[in-house]
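Structure at a glance
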Amino acid sequence: MRIVLTALLASYSLSSLANEGLQETTSAPAIDNSVVAPVEAVQEGDVTAEVIPASTEGIPALFQARIQEHSADEMLALLQRAEKIASGQDVYRTREPVMLVLSGDEIELFKRDNYRDNKALVDLAARLDAFNIIDVKVCRHWTGQRGIELTDLPPFIEGVSSADQESKRLESAGYAYF
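Each residue is numbered by its place in its chain's sequence as written, counting from 1. Given that this is a predicted model, residues contribute local features only at a pLDDT of at least 70 and side-chain atom pairs are listed and counted only at 80 or more, while totals for whole chains, interfaces and linings are drawn from all residues. Computation of side-chain values covers all heavy atoms of the structure but excludes hydrogens and water.

1. Here's the deal with helix H7 (residues 163–172)
With a 1.4 Å probe rolled over the protein chains alone, any residue whose accessible area is under 20% of its type maximum counts as buried; one over 50% counts as exposed, and the rest are partly exposed. Counting from the N terminus, the helices are the DSSP runs of H or I reaching at least four residues and the strands are the DSSP runs of E reaching at least two. Turning to H7, its buried residues are Ala163, Glu166, Ser167 and Leu170. On an axial view of H7, the arc spanned by its buried residues comes to 100°, and they lie on one face. Structural note: H7 exposes Asp164, Gln165, Lys168 and Ser172 on the side pointing more than 90 degrees away from its buried face. Here, residues are in contact when the closest pair of their heavy atoms is within 4.5 Å. Against strand E1 (63–64), strand E2 (98–102), strand E3 (134–139), strand E4 (158–160) and strand E5 (176–177) lie the buried residues of H7. Note on H7: the residue one or two positions beyond its end, Gly174, has a positive phi of about 105°. The reported arc concerns the directions from the helix axis to the C-beta atoms and nothing else.

Below, the structure written as structure tokens:
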């Protein structure tokens, strides 16, 4: 940490010196160097650095989950990450629901017949949906091919005709993947 602070202060000091050199040849306003701590003070620990939060410019505010493994572990991790995003405990933050578009074997996890085996996962998803932290959609094309009806799934899961089309629609609406 001290190395990083030293480097930052050194680069600031060098830019200040360069600005002083330019100041002699131009009519630029003087820079007040009295607020800059000497490098030695930082190295010895006599000066504490002020933490300045990074700008949130350029960070998206709408998110959709990228589901790749279609497993219970991945779904649990995505739900927990969505909860962190919504509560401001993640790099990303949003007040809008995080979109989950299900289009594979993870849909089986939410079937009523499999509720006992996946109770913790389904209950977490239901709670997050109830608090508008997530919005779960399921591909009707995929479920139709496997004989799964929307009534076989919890009521908080909505159907969409195609997961790919829905993901593309969300992407064009400004939703970024996490």
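2. Thoughts on the confidence of the model for the chain
Note on scores: pLDDT gives the predictor's confidence for each residue, bounded by 0 and 100. Model confidence for the chain is summarised by a mean pLDDT of 80, while 66% of its residues fall at 70 or above. Low pLDDT (under 50) marks residues 1–34, which in the prediction has 22 contacts with non-local residues, meaning those over four places away or in another chain. This model gives residues 49–56 a pLDDT under 50, and the stretch forms 1 contact once residues within four places in sequence are excluded.

3. Observations concerning the pattern of salt bridges
Definition used for salt bridges: Asp or Glu carboxyl oxygen within 4 Å of a side-chain nitrogen of Lys or Arg. For the coordinates displayed, the defined rule picks out 7 salt bridges. Of the charged contacts, one joins Glu166 and Arg169 as a salt bridge, the two residues approaching to 2.8 Å between their closest N and O atoms. With Glu166 and Arg169 both in helix H7, this residue pair falls 3 residues apart, about one helical turn. By relative accessible area, which is 9% here, Glu166 ends up buried. The exposure class of Arg169 is partly exposed, given its relative accessible area of 43%. Linked through salt bridges whose partners overlap, the residues forming this network are Asp135, Lys137 and Glu158.

4. Some points on unusual backbone geometry
One non-glycine residue with positive phi stands out, namely His70, at about 60°. Its place among the elements puts His70 in the loop between E1 and helix H3 (72–87). By relative accessible area, which is 26% here, His70 ends up partly exposed. In this structure, Asn132 takes a positive phi of about 60° despite not being glycine.

5. Here's the deal with the pairing of E3
Buried residues dominate E3, accounting for 6 of its 6 residues. Residue alternation in E3 divides its side chains into two sets, Ile134, Val136 and Val138 and Asp135, Lys137 and Cys139, and both sets are buried. As paired strands, E3 and E4 are joined by 3 bridges and run parallel to one another. Paired with Lys137 across the bridge in E4 is Glu158. With strands facing away from the observer, any crossover in which the path from the first strand over the helix to the second runs clockwise is taken as right-handed. At this point the chain moves from E3, through helix H6 (residues 140–145), to the parallel E4, and the crossover so formed is right-handed. When DSSP locates at least two bridges between a pair of strands, those strands are taken to pair.

6. Comments concerning the nonpolar core
Ranked by internal contacts, the top residues of the largest apolar core, which has 35 residues, are Met75, Leu79, Val98, Leu100, Leu102, Phe110 and Ile134. Sorting the residues of this core by element identifies H3, E2, helix H4 (106–109), helix H5 (119–130), E3 and H7 as the ones contributing at least two each. Apart from the residues within four sequence positions on either side, Ile134 is in contact with Leu79, Ala82, Pro97, Val98, Leu100, Ala125, Leu128 and Asp129. Put simply, buried Ala, Val, Leu, Ile, Met, Phe, Trp, Tyr and Cys residues joined by side-chain atoms within 4.5 Å make one nonpolar core.

7. Let's talk about the packing of aromatic side chains
Geometry of aromatic contacts follows a simple scheme: Phe, Tyr and Trp rings, the Trp one being its six-membered ring, pair when their centres are within 6.5 Å, and the pair is stacked under 30 degrees between planes, edge-to-face over 60, tilted otherwise. Tallying each qualifying case throughout the model produces 1 aromatic pair. When the centroid spacing of 5.0 Å and the interplanar angle of 45° are considered together, the rings of Phe63 and Tyr92 count as tilted. Of this pair, Phe63 sits in strand E1 while Tyr92 sits in the loop between H3 and E2, and the two are 29 residues apart along the sequence. Under the relative-accessibility criterion, Phe63 is labelled buried at 1%. Ring-over charges, as used throughout, are those where CZ of Arg or NZ of Lys falls within 6 Å of the ring centre and within 35 degrees of the ring normal. The cationic tip of Arg66 hangs over the ring face of Tyr177; the distance from NZ or CZ to the ring centre is 3.9 Å.

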